[in-house]
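What follows is each chain in one-letter form.
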Amino acid sequence: MNNKTVLETANAAILRGDHETFLTFCTESVQWIFVGDRVLSGKEEVRRYLAETYKKPPKFDVDFMIGEGDYVTAVGKISLSENDEWTEYDYCDVWRFENGLMAELRAFVIEK
């Protein structure tokens, strides 16, 4: 499975609310870097973030993905639900892969 397909498959699990399947596509030491905000280190921190932030599965609208070597960049919009209100964001996610697993995310996210 190529890296773009791994990311698409993992994101499909998120859309179903299946966080554990998503995490199987991540390395144990995965890092999520929300540029200008915070850093999550390791599967357990990512698991807690998913449980808190994605109580309702997010809505994705991916404009395009570019795969190059160990990197996949996804650009689009994501909507998150909090207290039954949806907030839309523009995002650019840069994923780094190791041995076919997602090892690092650099997320640039701006509220619309």
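Residues numbered from 1 in each chain as written. Predicted model: local features only at pLDDT ≥ 70, side-chain atom pairs only at ≥ 80, totals over all residues. Heavy atoms only, no water.

1. What to know about the pairing of strand β3 (residues 59–68)
Relative to strand β4 (residues 71–82), β3 runs antiparallel, the two being bridged by 9 bridges. Across the sheet, residue Gly67 finds its bridge partner in β4, namely Val72. Hairpin connection from β3 to β4: 2 residues lie between these consecutive antiparallel strands, with Gly69 at a positive phi of about 60°. (Pairing = 2+ DSSP bridges. Helix = DSSP H or I, 4+ residues; strand = E, 2+ residues; numbered from the N terminus.)

2. What about the sheet that holds strand β6 (residues 101–111)?
A sheet is described by the order of its strands in space; here 6 strands give the open sequence β2-β1-β6-β5-β4-β3, paired in mixed fashion. Looking at which strands have only one partner, the edges of the open sheet turn out to be β2 (38–41) and β3. Taking the axes of each pair of neighbouring strands and ignoring which way they run, one obtains an average angle of 20° across the sheet. Two strands pair when backbone bridges link them, and strand β1 (residues 26–34) and β2 are joined in this way by 4 bridges, in the antiparallel orientation. Note that in β2 the partner of Trp32 across the bridge is Leu40. In the packing of helix α1 (residues 3–15) onto the sheet, contacts are made with β3, β4, β5 (85–98) and β6, and the angle to β3 comes to roughly 165°. (Axes fitted to C-alpha atoms, helices over the stretch in contact; angles between N-to-C directions. Contact = heavy atoms within 4.5 Å.)

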